[in-house]
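Here is what each chain is made of, one letter per residue.
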Amino acid sequence: MKPLALLSTLTAAAQKRLLWIMLLAYALAASRPEPGLALRSVTPLHLGGTALPLQAGLLAAVVFNAGLTARTEALPALLRHPRALLVGITANALLPSVLLAVGAVAADGWHNPHEAQSLLVGLALVGAMPVAAGATVFAQGSEGNATLTLGLVIGSTLLSPLTIPLGLHLGGFLASGPYAADLHAAAAHACGAFAVLAVVLPCALGLLLGRLLTAHRPGLLAAALPVVKAVNLGVVVLLSYTNACGGLGQVVARPDPDFLLLVAVAAAAMCGGSFLTGWVLAARLGLPRADAIALAYASGMNNSSAGAVVAVTRIPGNPAVLVPILAYSLLQKVLASLLGAFVRHARFGDESSVVP
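Bear in mind the structure is a predicted one, so any value in this text is a computation, not a measurement. (Residues numbered from 1 in each chain as written. Predicted model: local features only at pLDDT ≥ 70, side-chain atom pairs only at ≥ 80, totals over all residues. Heavy atoms only, no water.)

### A few points about the overall build of the protein chain
Moving on, step 1. If you tally the helices and strands in the protein chain, you get 17 helices and 2 strands.
Moving on, step 2. For 356 residues, the compact-globule estimate of 2.2 N^0.38 gives 21 Å, and the C-alpha radius of gyration of the protein chain, at 20 Å, lies within 12% of that figure.
Moving on, step 3. Dimensions of the protein chain along its principal axes, counting C-alpha atoms only, are 55 × 45 × 40 Å.
Moving on, step 4. In the protein chain, which comprises 356 residues, the proportion classed as buried is 51%.
Moving on, step 5. Residue pairs at least 24 apart in sequence account for 84% of intrachain contacts in the protein chain once pairs closer than 6 positions are excluded.
Moving on, step 6. Element-wise, carbon and sulfur atoms account for 70% of the exposed surface of the protein chain, whose accessible area totals about 15800 Å².
Moving on, step 7. If you average the places of the 18 positive and of the 11 negative side-chain charges in the protein chain, the two averages end up 14 Å apart. (Helix = DSSP H or I, 4+ residues; strand = E, 2+ residues; numbered from the N terminus. Rg over C-alpha atoms; globule rule 2.2 N^0.38 Å. Buried < 20%, exposed > 50% of the residue type's maximum accessible area, 1.4 Å probe, protein only. Contact = heavy atoms within 4.5 Å. Areas by Shrake-Rupley, 256 points an atom, 1.4 Å probe, with all protein chains shown as cover. Lys, Arg positive; Asp, Glu negative; His and termini not counted. Charge placed at Lys NZ, Arg CZ, Asp CG, Glu CD.)

### Overview of the packing of helix α6 (residues 83-107) against helix α9 (residues 146-158)
Two packed helices can be described by the angle between their axes and the distance between those axes.
Moving on, step 1. Interaxial distance between α6 and α9 falls to 9 Å at its minimum, and their mutual angle equals 50°. Taken together, α6 and α9 sit at an angle that is classed as oblique. Crossing angle aside, the handedness with which α6 passes α9 is right-handed. Seen from α6, the contacting residues are Ala84, Leu85, Gly88, Ile89 and Asn92; seen from α9, they are Leu148, Gly151, Leu152, Gly155 and Ser156.
Moving on, step 2. By residue class, the composition of the contact of α6 with α9 is 5 nonpolar, 5 polar and no charged. (Axes fitted to C-alpha atoms, helices over the stretch in contact; angles between N-to-C directions. Parallel < 35°, antiparallel > 145°, perpendicular 65-115°, else oblique. Left-handed = near helix turned anticlockwise from the far one by under 90°. Nonpolar A, V, L, I, M, F, W, Y, C, P; charged D, E, K, R; others polar.)

### Examining the packing of aromatic side chains
Moving on, step 1. According to the stated counting rule, one finds 2 aromatic pairs in the structure shown.
Moving on, step 2. A centroid spacing of 6.1 Å and a plane angle of 20° characterise the contact between phenylalanine 138 and tyrosine 297, whose relative ring orientation is stacked. Here the residue phenylalanine 138 occupies a position in helix α8 (residues 135-141), and tyrosine 297 occupies one in helix α15 (residues 289-300), the gap between them amounting to 159 residues.
Moving on, step 3. Relative to tyrosine 297, the ring of phenylalanine 275 lies with its centre 6.1 Å away and its plane at 85°, an arrangement referred to as edge-to-face. Of this pair, phenylalanine 275 sits in helix α14 (residues 257-284) while tyrosine 297 is found in helix α15, placing the two residues 22 residues apart along the sequence. Residue phenylalanine 275 shares its accessibility class with tyrosine 297, and that shared class is buried.
Moving on, step 4. Here a set of aromatic residues connected by ring pairs shows up, and it is made of Phe138, Phe275 and Tyr297. (Phe/Tyr/Trp six-rings, centres within 6.5 Å; stacked < 30°, edge-to-face > 60°.)

### Quick word on the environment of alanine 128
Moving on, step 1. Tracing the sequence through the fold places alanine 128 in the loop between α7 (113-127) and α8.
Moving on, step 2. Classification of alanine 128 as buried rests on a relative accessible area of 5%.
Moving on, step 3. Taking the C-alpha atoms as reference points, alanine 128 and alanine 93, 35 residues apart in sequence, are found 6.7 Å from one another.

### Section: empty space enclosed by the protein
Moving on, step 1. One pass over the full model with this rule turns up 3 cavities of 30 Å³ or more.
Moving on, step 2. Here the largest cavity is characterised by a volume of approximately 50 Å³.
Moving on, step 3. Every residue lining the largest cavity is listed: Tyr26, Ser240, Asn243, Ser304, Ser305, Ala308, Ile325, Leu326 and Ser329. (1 Å grid on protein atoms, 1.4 Å probe; cavity = no way out; pocket = protein on both sides within 12 Å on 5 of 7 lines; lining within 4 Å. Points joined across faces, edges and corners; volume = space filled by probe spheres on them.)

### Notes on the layout of surface pockets
Moving on, step 1. In this structure, the second largest pocket spans a volume of roughly 300 Å³.
Moving on, step 2. If you trace the second largest pocket, you find 16 residues lining it, with Val102, Gly103, Ala106, Ala266 and Ala269 closest to the centre.
Moving on, step 3. Elements with a minimum of two residues in the lining of the second largest pocket: α6, α7 and α14.
Moving on, step 4. Taken together, the residues that form the lining of the second largest pocket break down as 14 nonpolar, 2 polar and no charged.

### Some remarks on helix α4 (residues 54-69)
Working note: α-helix, 3.6 residues per turn, so residues spaced by three or four point in the same direction.
Moving on, step 1. Compared with the 22 Å implied by 1.5 Å per residue over 16 residues, the 23 Å span of α4 between its first and last C-alpha is a close match.
Moving on, step 2. Within the span of α4, buried status applies to Gln55, Ala56, Leu58, Leu59, Ala60, Val62, Val63, Asn65, Gly67 and Leu68. (Expected span 1.5 Å × (residues − 1).)

### Looking at the packing of α7 against helix α17 (residues 322-343)
Moving on, step 1. The geometry of α7 relative to α17 is characterised by a closest axis approach of 7 Å and an angle of 50° between their N-to-C directions. In terms of orientation, α7 and α17 fall into the oblique class. In this structure, the crossing between α7 and α17 has a hand that is right-handed. Touching Ser118, Leu119, Gly122, Leu123, Leu125 and Val126 of α7 are Pro324, Ile325 and Tyr328, all from α17.
Moving on, step 2. Class assignment for the residues of the contact of α7 with α17 results in 7 nonpolar, 2 polar and no charged.

Right, here's the structure in full:
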């Protein structure tokens, strides 16, 4: 077998077991956090008043690779029928805050205010992020509208300099005291530049380079894809490991079962509620089945890596906020798989989509 073919085979096998690989990365972060903490302290770039640590660079690499490998040929058709695209982007921007408001009321009576507020901050951080690129993989595997899903990923990413501060400010209104101040400060002082430099710009550059290579050097792009996908997978795992260091180390050093139970229940409720609301909303709007599947995945899957990077870089004094982000990251993959099993048997009155 040729080296590139072997690399593609190994990468595909790893992607199928990505959840287990993530669990191993989290276990390593809990037991051996020192290398990850050392990497987190590296800040190779300062631009104006904004420091861009190594983790922001890793996130930018993931977003760039997602743009580079995206098949964007059919995206212009979305602009001729934009209703599902607009609904999905709006749901991704506002739905987490609505569900978080319900969670804030439910957590108000929790016996430990620090735990309750840390939970709210963590879920606000992940809920403010754009649609995860992984939504395209799950939606396509469940017979969803791949073009619409890609449009939702790219659209929410390009709008993230507006939607991230909006989501964080809304979360700040639900939190209290210094926890609210942390969210408002992150929204006001960091996330605009962070979203542009670590999310929007890499995505735009990846899309542009992908289009240029597709038009002028398609053979070069095809030959590079196995390496790009393998590198991207490695960066994703490394980013997950470095994000988890600190937060999970604290969990192991000082285990708190009731806090972990609260985090698991709250993250599952918010993530599951997002998937369910996206699916019901699509049905109420009369969207075809393929579009409904895309909308459900876009509603339930947020870029948790970006949320973790913001937590580590902007709220380093409270590692507890990482715990709900990491829980959400795992749960959204589990629930996405369960949703795939459900939608294969679901039927809508309109089975076709106006966008191919």
